[in-house]
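# Chains, contacts and geometry: an overview
So the chains spell out like this:
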Amino acid sequence: MIQKPKGTRDILPDEVYKWQYIEGVVRDILENAGMGEIRVPVFEHTELFSRGVGETTDVVQKEMYTFEDKGGRSITLRPEGTAGVVRSYIENGMASQATPIKLWYEMPMYRYENVQKGRLREFRQIGTEVIGTESYLADVEVISLGAKIFEALNIPNIKLNINSIGCPVCRQKYQEALRDFIRPNLEKYCDTCKTRFEKNPMRILDCKEQKCKEMNQGAPIILDYLCEECREHFEKVKSLLMNLEIPFEIDSSIVRGLDYYTKTVFEFVSEDDGLTVLGGGRYDGLIKEIGGQDTPAVGFAMGVERLLEIFEKYNKDVIEDYNMDLYIATIGEEADLFATRLVMNLRDEGVFVEKDICSRSLKAQFKYADKKKARFVLTIGEDEVKKNYAKLKDMKTGEEVETKLKAEEIFSKLFE
RNA sequence: GUGGAUUUAGCGCAGUUGGUUAGAGCGCCAGUUUGUGGCACUGGAGGCCGUGGGUUCAAAUCCCACAUUCCACCCCA
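Residues numbered from 1 in each chain as written. Chains lettered and ligands numbered in written order. Predicted model: local features only at pLDDT ≥ 70, side-chain atom pairs only at ≥ 80, totals over all residues. Heavy atoms only, no water.

## Some points on the nonpolar core
In terms of nonpolar packing, the biggest core is built from 92 residues, with Leu153 and Phe266 touching the most fellow members. Once you skip the residues sitting within four places of it in the chain, Phe266 turns out to touch Val142, Ile143, Leu160, Asn161, Ile162, Arg256, Leu278, Gly279, Gly280, Gly281, Gly299 and Phe300. Counting residues in hydrophobic clusters, the runner-up holds 19 residues, among them Leu326, Leu342, Val353 and Ala407. (Core = buried A, V, L, I, M, F, W, Y, C linked by side-chain atoms within 4.5 Å. Buried < 20%, exposed > 50% of the residue type's maximum accessible area, 1.4 Å probe, protein only. Contact = heavy atoms within 4.5 Å.)

Below, the structure is given as structure tokens:
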């Protein structure tokens, strides 16, 4: 038996309707906000991600599915959506369209990680990108759409955390200050923190080790180091969120794992399991970084598997599956031929109808109809074909009515 | 990458100090007046006991390695 690769999942028919429900709700929300769906390749040149996402990030350093293709090119299965979407924005000259460009996507992502709760190697994200505006209004629009999605899906216990990590200028000043604060005790920090010191000192503040936590008391926080412009931007984001009555908390430990973020960053975290369901922020430097005009942008991505898991918990009754309207049971070849035509006609009318294709006994056909939750069964044998009449049985009540074997009449008996 | 748990029929499981052809339930298929479902009864199909080595006269059972699934760290959606 060849099993599916580690960290992948099959989504079976009895599950896929939940996906479709969520996707429908989210699509409506995003498209009503003017977002157009975009689909970009599953794989890109490795360089797009190493430059876009950042050489020093864990995603690039240890989680990418990278391989050489037969032409000797280094190819990577996308670990996130923004880099590819932005690449497409540049490559297709979308800058010449009405600004801002608003895009959304639902695409599978690939990260070579160890599997655990809420974490797969192939997982799907729904995301948005708003490109071409540096205004705080765009940050808030994107955040409010995130909040709207949880509301529309009836998912409670979602907490919004926001932070600002400034622009490269204020961030560098902050990192210096942070290193100065840590340096005297550096030897006493845990090994992982020591390795973070040069590469990304902001992560040290997030360490779970007790001793590191203690030493972190009183560390400088980035919000005190923001330049005037970044500070004002963040203030405006906060006050508009408050005006809109979107509750949030400031969490100065949000750093985000992708290097391209600037200024506003945010996470919607489920308080049920502590997992981040939706994360995003502003990325004013990315488009220039990968070769476009210097263009500001903001967006988010949500993990659909994570979203679905919480959704199911609170919406057990909302979803009902799509059941068969009619099953046509047949006896004999003549009836089979007749019923096959009838089924085709009824399907043309939009009826969910099945008939036996296993040449099974009448009893077995009824059993099948019952298991598949057919609302009605129509039984056709030689006599029925001759007389052009048959019995239509309501599977719930057991009542039977006579019907003419005409698609129109059957249709009206089913749906009147 | 590190650590813990897990793996027996389609599914969830039982399998006792290693000992003949590995079990029940649910599900599946069929039969119980060869034209009527759910219930009941009867029967049937379906297992390289995760994979590969080793110990033994003998391994689902003991040992080792690898894999899987789940969980935690790390990190993230």
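That covers the picture; the talk isn't over yet.
## What about the pairing of strand S10 (residues 276-282)?
Of all seven residues making up S10, six are buried, and the element is well covered by its neighbours. Looking at chain direction, strand S9 (residues 262-270) and S10 are connected through six bridges and run antiparallel. Note on S10: the bridge partner recorded for Glu267 is Gly279. Joining the antiparallel neighbours S9 and S10 is a turn of five residues, in which Gly274 adopts a positive phi near 75°. Summarising the sheet, S10 and strand S11 (residues 297-303) pair through five bridges and their orientation is antiparallel. What sits directly across from Leu278, in S11, is Met302. (Helix = DSSP H or I, 4+ residues; strand = E, 2+ residues; numbered from the N terminus. Pairing = 2+ DSSP bridges.)

## With respect to helix H5 (residues 136-152)
Helix length check: H5 (17 residues) gives 24 Å between terminal C-alpha atoms against 24 Å at 1.5 Å per residue, within 8%. Among the residues of H5, those classed as buried are Ala138, Asp139, Val140, Val142, Ile143, Leu145, Gly146, Ile149 and Phe150. For H5, the N-terminal cap is Ser135; the gap from its side-chain oxygen to the backbone nitrogen of Leu137 is 3.0 Å. Following H5 by one or two positions, Asn154 adopts a phi angle in the positive range, close to 55°. (Expected span 1.5 Å × (residues − 1). Polar contact = N/O pair within 3.5 Å; in protein donor to acceptor, adjacent residues only side chain to side chain.)

## Overview of the domain arrangement of chain A
When its domains are assigned, chain A resolves into domain 1 (13-167 + 227-314) and domain 2 (326-414). A separation of 50 Å is found between the C-alpha centroids of domain 1 and domain 2. (Domains from an automatic or database assignment.)

## What about the packing of helix H12 (residues 333-348) against helix H15 (residues 407-415)?
Two elements in contact, H12 and H15, have axes whose closest approach is 10 Å; the angle formed by their N-to-C orientations is 60°. Relative to H15, the element H12 lies oblique. Once H12 is placed against H15, the crossing between them reads as right-handed. On H15, the residues touching Leu342, Asn345 and Leu346 of H12 are Ala407, Ile410 and Phe411. When the residues that make up the contact of H12 with H15 are grouped by side-chain class, the tally is five nonpolar, one polar and no charged. (Axes fitted to C-alpha atoms, helices over the stretch in contact; angles between N-to-C directions. Parallel < 35°, antiparallel > 145°, perpendicular 65-115°, else oblique. Left-handed = near helix turned anticlockwise from the far one by under 90°. Nonpolar A, V, L, I, M, F, W, Y, C, P; charged D, E, K, R; others polar.)

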